[in-house]
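# Geometric and topological summary
Chain by chain, the residues:
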Amino acid sequence: MRFYYKISNTLHIYLVYILVIFAHMKYVYATPSQTAHITQHKDITILPINNAKFLAGQRFDFLIEIKDPTLNPANASSTIQVTINDKNIINYFNKKPKIWRDGDILSYRIDSISFNDTGCIKVKVKTPNSLGIATYEVVYNKANRKAKNVILLIGDGMSLQAKQMARILSKGISEGKYNDVLEMEKLDRMALITTSGYDSLTTDSANSASAYATGHKSVVNAMGVYADSTISPFDDPKIENITEILKRKTDKSIGLVTTANITDATPAAFVAHTRRRSEQNMIAQSYLDLNIDVLLGGGLQHFIPKETKGSKRKDSLELIKFYRDAGYEISKTKQELFTQAKSAKKLLGLYHNDNLNVYLDRAVLKNPKVLGEFQNQPSLLDMTNAALEVLSKNKNGFFLMIEGASIDKQLHKMDWQRATYDTIEFDQVVKIARDFATKHGDTLVIVVADHAHGASITGTYHELDGKSGREAVRTYAHSVFPTFVDNDNDGFPDDPNPDITLAVQYANHPDYKADYHFKQEPMSPTIKHHGKNIANPNMKGEEYRGNIPTEEDQEVHAADDVVLMSEGVGSEYFKGVMDNTEVFFAIMRAFGIDGR
Ligand SMILES: [Zn+2]
C-alpha cells in the first residue's frame, strides 16, 4: 500500500510509474502444464516451482528471483509484495525474508519453512513491474495400514528391455513361452513411471532419485534442491527428503546399499542437497551428519585424506575416522562385512576405491588385471543380507534403498551382457527382500528403475552359417532362440557368449564398433580424437555412425517410461501411470507419516 500512497503524492513520479508499469507489466501465471515457462523465461522465478506438491509439514527453502535492475533491496519489503493464500508471507510463516541483489537479480528468500495444512496454496509475487503466481498442493493421505519397513530397490537405468534381457538370460524361453518370470516380475502390483525433470524431458540419476526421495522434480545433476540462478552448487533452495523426515519424526533406521560409489547420485539423493552430483566429498560428509545407519558400496576415494593414494578428496580429512568415532563399524572386504553385520549397530562398508566391479568381472571372470587390489568385494546380495541383518535389529523399523547401479553404467558402455548379469544379480536381491517381507510382515517392497536406456532387443545373433556382423543379425522369422544355458542353476547363464546370442542394438549412441560378442575385458566404446569422441579403434567389429552429439563419449539415457513393481503393506498405492514424484508420496503414505 505504501507504493500507491507514494505515487499519488507526486504527479511526476506517478506518470513515470504508470508508463513503466504498462510497458513492463507481465502476468506470469502458469497452468500446471506450463511449469517450465515460469522457471525458464520469465522475470520472476518462484522456487519451489509452480505445480509443486508437498507432503504436509515437509520442510523447504523458499526463494524468489526477480530479474529487474530497478528493484532496490533496501526498500524491497515495501515494493515487493509476497502473499500466500492472500496473506502476507511474513505473517504466514512468521519468518522474515533475506533480501539481496546480485547483478540483475534480486533474491527474496525464507529458509526452512513448511505448509502444515493440506489443500491448495497460491503464492503471489507482485513488484511494480511484474506479477508472479505459483500454485502448490499440500497433501497427507492416510494409510489403510502402516508399513513398518520399506525396501526400495532401484535398478539404475533398468528399462523394460534391460529387464527382459535378464529374463531371457536367466529364465530362458521354450516354444515362445518364458520358462519363468523374474523375481521382481512376481510382485503383486505394477505401475508405469514417467521420469522427466522439471526443465528437461530426459533425466539423469540424480534428478530422478531426487524425485523418489523428495516428491519434487529437479534438474539434471541436482538432488534435493531447486536450481537457482547462481553458480554455487551449495546455495540452492532445499527440499526435505524421506530420510530427513524419518530421522526427524521417527526412530526408524536408514540404510543405503549400492554397487556404485556410495556417494553416487542414486544413494546420495536420499540424503544430500546439491545442484551438482559430482560433489561427492561433501556427500560423504552428509551421510555422517544425518547419521545414516547402514552405508554399503564402493567409493573409498571420497572418505580418505588427499595424502592417501587413490583419494579424490581435496582436504586432509580422514572421514573414515569420524565415522568410527561416531560408532560405525567399518569394513573393506566381504569377510569383514559378514563378521560385523552380526554385532554392528551402524555400518560403513567401502569395498572399492570407485564403483564395485560388475558381477561378471567380480564373481565369474575374476581377472586380477580388472579387479586390481579389490579381490574381496561382496556381492549386492551379501550387502543386502548384511544391511537387513543390521537394520532389522531396530524394532521401530527401517527404510532401505538398494541400488543395482551398473545396469546403467554398463548400458552406457553398450556392454549389455555385463549390464544383464548385474540385472540378474539385482533380481536375486529382490528375492531376499521378498523373503524378508514374508518372514517379518509389515514390509513394503518396491522395485523400480530411475530412467531408461535406448537398448533394445532386435532379435538374435549367430555366425553358424558363416555370416558375421550386421548380416548375422537375425530378425523376425530368422531370430531363432538364443542358446544360453544355466546348468549349475545359479540363475546366471554359464556362458555369456553362446553360439546364438541376443542382437541388442542401441537407439542413441556415439560412433562405435560392435561385433555382438561378449568382451572378456570391459572397454570404452569411444576414444577422444581432436576434441571429438570417435569409435574406439581397439574394439572389434563393424563401425556404426553415431546419432548423438560427438561430445558424448557413451550411450545416453532415454526418456522412456519405466516400470515399478510393488508388494506388501501399501503396495496398493502404486498403480496406473504415475509421475516419478508420486513414488515419494506413496511411500510416505505407506509409512503413515507426514512432516508435521
Ligand atoms: Zn546413467
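It should be emphasised that the depicted structure is a prediction, and the values quoted were computed from it without experimental measurement.

## Points about the pairing of strand β20 (residues 443–449)
The element β20 is extensively covered by neighbouring structure, given that seven of its seven residues are classed as buried. Here β20 shows no split at all, with T443, V445, V447 and A449 on one side and L444, I446 and V448 on the other all buried. Pairing geometry for strand β11 (residues 149–155) and β20, over seven bridges, is parallel. Opposite L153, over in β20, you have V447 as the bridge partner. The pairing of β20 with strand β30 (residues 562–568) spans five bridges and is classified as antiparallel. For V447, the partnering residue across the bridge sits in β30 and is M565.

## Some points on the domain arrangement of the protein
What the domain assignment lists for the protein is domain 1 (44–139) and domain 2 (149–172 + 197–453). Between domain 1 and domain 2, the C-alpha centre-to-centre distance is 34 Å. Of the residues lining the interface, 16 residues belong to domain 1; the matching set on domain 2 comes to 16 residues. Summing both sides of the interface, domain 1 and domain 2 together bury roughly 1,300 Å²; the carbon and sulfur share of this comes to 55%. Here domain 1 and domain 2 share one salt bridge between them. A salt bridge links D61 to K238, with the shortest nitrogen-to-oxygen separation between them at 4.0 Å. Between the two partners, domain 1 and domain 2, sit nine residue pairs in polar contact (both at pLDDT 80 or more). The set of elements that each furnish at least two residues to the side of domain 1 that touches domain 2 consists of β3 (53–55), β4 (60–67) and β8 (105–113).

## Overview of the coordination of the zinc ion
In this structure, D408 (OD), D408 (OD), H412 (NE2) and H557 (NE2) serve as the protein donors to the zinc ion, at separations of 2.0 to 2.4 Å. Coordination geometry of the zinc ion: the four donor atoms subtend angles of 56 to 149° at the metal centre, consistent with an arrangement described as irregular. Each donor residue of the zinc ion belongs to the same chain, with the gaps between them written as D-x3-H-x144-H. Of this pair, D408 sits in helix α16 (residues 406–412) while H557 sits in strand β29 (residues 557–558), and the two are 149 residues apart along the sequence.

## Points about a negative patch on the surface
The grouping of D488, D490, D494, D495 and D499 at the surface amounts to a negative patch. Tracing the sequence through the fold places D495 in the loop between β23 (473–474) and β24 (501–506).

## What about the packing of aromatic side chains?
A complete count under the given rule lists 19 aromatic pairs for this structure. Taking 5.2 Å as the distance between ring centres and 35° as the angle between the ring planes, the aromatic pair formed by F60 and F115 counts as tilted. Of this pair, F60 sits in strand β4 while F115 sits in the loop between β8 and β9 (119–126); the two residues are 55 residues apart in sequence, bridging distant segments of the chain. Relative accessible area serves as the criterion here: at 1%, F115 is assigned to the buried category. The ring of F585 is capped by K53, whose NZ or CZ atom sits 4.8 Å from the centre of that ring. Sitting above the plane of the Y178 ring, R167 keeps its charged end 4.6 Å from the centroid.

## Digging into helix α6 (residues 160–171)
Between the first and last C-alpha of α6 there are 16 Å, a value that for 12 residues agrees with the 16 Å anticipated at 1.5 Å per step. Turning to α6, its buried residues are A162, K163, M165, A166, R167, I168, L169 and S170. Buried residues in α6 make contact with β13 (177–178), α16, α17 (416–440), β22 (455–461), β24 and β30. Phi turns positive one or two residues past the end of α6, at G172, with a value near 80°.

## As for unusual backbone geometry
Along the chain, L47 connects to P48 via a cis peptide bond; the corresponding omega equals 0°. For P48, the position within the fold is in the loop between β2 (44–47) and β3. Although it is not a glycine, N94 adopts a positive phi angle of roughly 55°. Structurally, the position occupied by N94 is in the loop between α5 (89–93) and β7 (98–102). Given the relative accessible area of 70%, N94 is considered exposed. Positive phi outside glycine occurs at M414, with the angle close to 55°. With respect to the element layout, M414 can be found in the loop between α16 and α17. The class for M414 is buried, based on a relative accessible area of 7%.

Analysis parameters
- Residues numbered from 1 in each chain as written.
- Predicted model: local features only at pLDDT ≥ 70, side-chain atom pairs only at ≥ 80, totals over all residues.
- Heavy atoms only, no water.
- Buried < 20%, exposed > 50% of the residue type's maximum accessible area, 1.4 Å probe, protein only.
- Helix = DSSP H or I, 4+ residues; strand = E, 2+ residues; numbered from the N terminus.
- Pairing = 2+ DSSP bridges.
- Domains from an automatic or database assignment.
- Contact = heavy atoms within 4.5 Å.
- Buried area = accessible area lost by both parts, 1.4 Å probe.
- Salt bridge = Lys/Arg side-chain N within 4 Å of Asp/Glu carboxyl O.
- Polar contact = N/O pair within 3.5 Å; in protein donor to acceptor, adjacent residues only side chain to side chain.
- Donors = N, O, S within 2.8 Å, 3.2 Å for Na, K, Ca; no water.
- Tetrahedral: all angles 85-135°; square planar, octahedral: opposite > 155°, others 65-115°.
- Patch = residues over 30% accessible without salt bridge, like charges linked within 9 Å, V, L, I, M, F, W, Y side chains within 5 Å.
- Areas by Shrake-Rupley, 256 points an atom, 1.4 Å probe, with all protein chains shown as cover.
- Lys, Arg positive; Asp, Glu negative; His and termini not counted.
- Charge placed at Lys NZ, Arg CZ, Asp CG, Glu CD.
- Phe/Tyr/Trp six-rings, centres within 6.5 Å; stacked < 30°, edge-to-face > 60°.
- Lys NZ or Arg CZ within 6 Å of the ring centre and 35° of its normal.
- Expected span 1.5 Å × (residues − 1).

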